[in-house]
Amino acid sequence: AEGGSAPWDAAIRLLDEMELRGLPASVRAHNAAIELRAAACDAAGARWLLERMERRGLQPDGYSYTSAMKACGRAADAAAAAELLERAELIPRRRGGQRQWLQRGYSGAAPLF
């Protein structure tokens, strides 16, 4: 999760810069960085970003977990994807039944990866 000059590293630097300037990095901003990690097949980086969110008091949402699971799938890390799915299912129901969306979207998760 450190170094380099790829787009996902630039996203981390932007999150850090936001915080240095006193602007809280939102769930949406972190989700964008997680999605970039997924595009790079970087499961460890995506999971690190989820942990970063939690350390900063942000609650990852369904999109956070979806993107991180996509990274795990692309990295062929089924165990990590399964662990994230379990965590995602614990997300409190918000905005019209997010838990129901997760259950529909991931019953038979393999095709999504």
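To keep things clear, this report deals only with the structure shown in the data block. (Residues numbered from 1 in each chain as written. Predicted model: local features only at pLDDT ≥ 70, side-chain atom pairs only at ≥ 80, totals over all residues. Heavy atoms only, no water.)

## Some thoughts on the packing of helix α2 (residues 27-39) against helix α4 (residues 62-74)
Here's step 1: The contact between α2 and α4 brings their axes to 8 Å, and the two run at 15°. Classified by the interaxial angle, the pair formed by α2 and α4 is roughly parallel. When you trace α2 past α4, the crossing you get is left-handed. When α2 is examined against α4, the residues V27, N31, I34, E35, R37, A38 and A39 are found in contact with a partner set consisting of Y63, S64, S67, A68, K70, A71 and R74.
Here's step 2: A breakdown of the residues in the contact of α2 with α4 according to their chemical character gives seven nonpolar, three polar and four charged. (Axes fitted to C-alpha atoms, helices over the stretch in contact; angles between N-to-C directions. Helix = DSSP H or I, 4+ residues; strand = E, 2+ residues; numbered from the N terminus. Parallel < 35°, antiparallel > 145°, perpendicular 65-115°, else oblique. Left-handed = near helix turned anticlockwise from the far one by under 90°. Contact = heavy atoms within 4.5 Å. Nonpolar A, V, L, I, M, F, W, Y, C, P; charged D, E, K, R; others polar.)

## Digging into the nonpolar core
Here's step 1: The biggest cluster of nonpolar side chains holds 23 residues, and the ones touching the most others in it are I34, L50, Y65 and L84.
Here's step 2: When residues of this core are traced back to their parent elements, those giving at least two are α1 (7-20), α2, α3 (43-55), α4 and α5 (78-88).
Here's step 3: Those residues in contact with I34, other than ones at most four positions away along the chain, are A46, L49, L50, M53, S64, S67 and A68. (Core = buried A, V, L, I, M, F, W, Y, C linked by side-chain atoms within 4.5 Å. Buried < 20%, exposed > 50% of the residue type's maximum accessible area, 1.4 Å probe, protein only.)

## Brief notes about unusual backbone geometry
Here's step 1: Unlike most non-glycine residues, C41 shows phi in positive territory, near 60°.
Here's step 2: Relative to the assigned elements, C41 resides in the loop between α2 and α3.
Here's step 3: On the accessibility criterion, C41 (38% relative accessible area) is partly exposed.
Here's step 4: Positive phi, normally seen in glycine, also occurs at A76, with a value near 60°.
Here's step 5: One can find A76 in the loop between α4 and α5.

## Here we look at the side chain of D61
Here's step 1: If you trace the backbone, D61 turns up in the loop between α3 and α4.
Here's step 2: Looking at D61, its side chain comes within polar contact range of the main-chain nitrogen of Y63, at 3.1 Å. (Polar contact = N/O pair within 3.5 Å; in protein donor to acceptor, adjacent residues only side chain to side chain.)

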